[in-house]
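# Notes for the structure review
Spelled out from the first residue to the last, the chains are:
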Amino acid sequence: MTIEPKTTAERRLIAGVAGGGPVDVGTGDQREPIRADLIRDICLNPDDYQVPPRGLRIERAIIKETLDLHSATVKRPLVFWDCQFDQPIDLEDARVRTTGLLNCETVAISADNLRVDGNLFFDRTTVNGEVRLLGAHIEGSLYCIDAKLSNKDGHALGADRMKTGGGVFLNDLTAEGDVWLLGAKIGGGLSCDGAKLSNRGEPALSADGMETGGDVFLQNGFLAEGEVRLLGAKIGGVLGCRGATLENEGGNVFTAEGMVVKGGIFWDRQKNRRWAG
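Residues numbered from 1 in each chain as written. Predicted model: local features only at pLDDT ≥ 70, side-chain atom pairs only at ≥ 80, totals over all residues. Heavy atoms only, no water.

## Looking at the pairing of strand 17 (residues 148-158)
Of the strand pairs in this sheet, strand 13 (residues 126-127) and strand 17 are connected by two bridges, and their pairing is parallel. Directly across from V127, in strand 17, lies its bridge partner L149. Sheet topology places strand 14 (residues 131-132) next to strand 17; two bridges connect them, and they run parallel. Note on strand 17: the bridge partner recorded for R132 is G158. (Pairing = 2+ DSSP bridges. Helix = DSSP H or I, 4+ residues; strand = E, 2+ residues; numbered from the N terminus.)

Structure, rendered in structure tokens:
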């Protein structure tokens, strides 16, 4: 039993799902509203809506109410492009295939203990609240390229104990609030080239105990306004900080007691103040 559509945009979504390509529910240059409950029902009952194996891509929608996939199993890839979520997204304890928010806007994302059988994308997405991935397990890679995360009173990205089979790509990320990767186990590398992390007087990047199978890049315009912490981290490749600017008025800019780097360390020392390690 499927949910009956109530609007032209919802009818357009259901009609386009079976095609497997992008479903643009917008009108002219406007996004159109879609109920979160309808999207949830499509995700949980893909055969009833004839969703093909390639999955579902929704474009130019305003998702009304909370998209609640708590503890759900989503058997098809799910991608949103140029969509707006007016309430937080709940992916806690869910199991999903490749999932992405591309060029989207949302309030917050709660995804503790999420299991992703594929990649997770938040590229060019604006989140006005915390992205929580505590204990998440991503078989592929995490992408937050050119995203904007803002949570000034807490974590912009909280990913303690997260595991990835591939890399973590935070290139050109803008974050207000701290980025936490404490105890994360990253199968590939961590790339923060061009990222701007701001959490003045507090840690901007906390990666104590993090382990990577590849390189860690904090370079090519990387800016941290706040402390960068890598205490006890184990880096399987090089640590590259060329072209980085680290600032933390009155405190350490870089703290790394016990850090182990398998490759070399590349650093422009003249751009930084108060190294501790």
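Anyway, onward from the coordinates.
## Digging into the packing of aromatic side chains
Under the definition given, this model contains four aromatic pairs. Considering the side-chain rings of F121 and Y143, the 4.7 Å spacing of their centres and the 10° angle between planes classify their relative orientation as stacked. Of the two residues, F121 is situated in strand 12 (residues 115-121) and Y143 in strand 16 (residues 142-143); the sequence distance between them amounts to 22 residues. For the ring pair Y143 and F169, a centre distance of 5.0 Å and an interplane angle of 10° mean the geometry is stacked. Within this pair, whereas Y143 is found in strand 16, its partner F169 is found in strand 19 (residues 168-169), the two being separated by 26 residues in sequence. Of the residues examined, F169 reaches a relative accessible area of 27% and is grouped as partly exposed. Here the aromatic residues F121, Y143 and F169 are joined through ring pairs into a cluster of three or more. (Phe/Tyr/Trp six-rings, centres within 6.5 Å; stacked < 30°, edge-to-face > 60°. Buried < 20%, exposed > 50% of the residue type's maximum accessible area, 1.4 Å probe, protein only.)

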